[in-house]
Amino acid sequence: MSPKIDPQFAAEFARTLRDEIGANSLYRRLARHDRDAELVRLLQAFVEEGEALETAVRELMLSLGARGRERSVFRWFSARCWGLSARLGFRRFVLRLCVESEEALARRYAGFAHWLARGGETRAARSCEQIATRKAARASALRAWVPR
């Protein structure tokens, strides 16, 4: 690990990668079982984009000297449970959780960007800021299916 990267920061980054893996698993599951064609298209786009985001996060972690898991059994199992909940009539609730998760991840990536910029890792900070912006846009797109 790079001497500039705090082990707690690396652990938080690894947790964020696991969250990305879980979100992608859930979106894949929801896209297979939903009847709303427009939502299915959005979720399928999220799955494709999620794979690119996972790759970007992994590359960013490696450039900083950190590592993350390839899979997360707990996130996979959680995605199955939330997917089943959505099919059993709790779709709006599950989508609300997805919106909140995307917003939380956007804030986390923005915090990473700030921390990295303060440490002189400007390229990594820019990457985190771009991911944060993308996550906020995803939350906004999903909000259409989550009435207040």
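What you see is a predicted model, and the numbers here were worked out from it, not measured in a lab. Position numbers for residues count from 1 along each chain, tracking the sequence in the order it is written. Local features in this predicted model are restricted to residues whose pLDDT is 70 or higher, and side-chain atom pairs enter the listing and the counts only when it is 80 or higher, whereas totals over whole chains, interfaces and linings include all residues. To get the side-chain values, all heavy atoms of the structure are used, and hydrogens and water are removed first.

Draft legend 1. The overall build of the protein chain, seen in detail. Segments assigned H or I by DSSP are reported as helices when at least four residues long, segments assigned E as strands when at least two residues long, and all are numbered from the N terminus. Across its full length, the protein chain holds 4 helices and 0 strands. The order of helices and strands in the protein chain, counted from the N terminus, is α-α-α-α. Projected onto its principal axes, the C-alpha positions of the protein chain cover 50 × 30 × 20 Å. Under the scheme applied here, a residue whose accessible area is under 20% of the maximum for its type counts as buried, over 50% as exposed, and between as partly exposed, the area being computed with a 1.4 Å probe on protein chains only. Sorting the 148 residues of the protein chain into buried and exposed places 45% on the buried side. Residues are treated as being in contact if the distance between any of their heavy atoms lies within 4.5 Å. Put simply, of all contacts in the protein chain between residues at least 6 apart along the chain, 78% involve residues at least 24 apart. When the accessible area of the protein chain is evaluated, it comes to approximately 8500 Å², of which 53% is carbon and sulfur surface. Looking at charge distribution, the protein chain has the averaged site of its 28 positive side-chain charges lying 4 Å from that of its 18 negative ones. Surface accessibility in these figures is a Shrake-Rupley result with a 1.4 Å probe; residues are shielded only by whichever protein chains are displayed. Positive residues here are Lys and Arg, negative ones are Asp and Glu, while His and the chain termini are left out of the count. Charged side chains are reduced to one point each, which is NZ for Lys, CZ for Arg, CG for Asp and CD for Glu.

Draft legend 2. Structural context of the nonpolar core. Nonpolar cores are built from buried Ala, Val, Leu, Ile, Met, Phe, Trp, Tyr and Cys residues. Side-chain atoms within 4.5 Å join them into one set. Counting residues in each nonpolar core, the largest one holds 23 residues, and the members touching the most others are Phe13 and Leu116. Sorting the residues of this core by element identifies helix H1 (7-33), helix H2 (37-63), helix H3 (73-118) and helix H4 (122-142) as the ones contributing at least two each. Ranked by the residues each element gives to this core, the list is headed by H1, at 6 residues. Contact partners of Leu116, with chain neighbours within four places excluded, come to Ile5, Phe9, Leu64, Glu121, Ala124, Ala125 and Cys128.

Draft legend 3. Quick peek at a nonpolar patch on the surface. Two joining distances apply to patches: 9 Å for like charges and 5 Å for nonpolar side chains (Val, Leu, Ile, Met, Phe, Trp, Tyr), and every residue must have over 30% relative accessible area and no salt bridge. A pairing counts as a salt bridge when a side-chain nitrogen of Lys or Arg comes within 4 Å of a carboxyl oxygen of Asp or Glu. On the surface, a cluster of nonpolar side chains totalling about 530 Å² of accessible area is made up of Trp82, Leu84, Leu88, Phe90 and Phe93. Classification of Phe90 as partly exposed rests on a relative accessible area of 49%.

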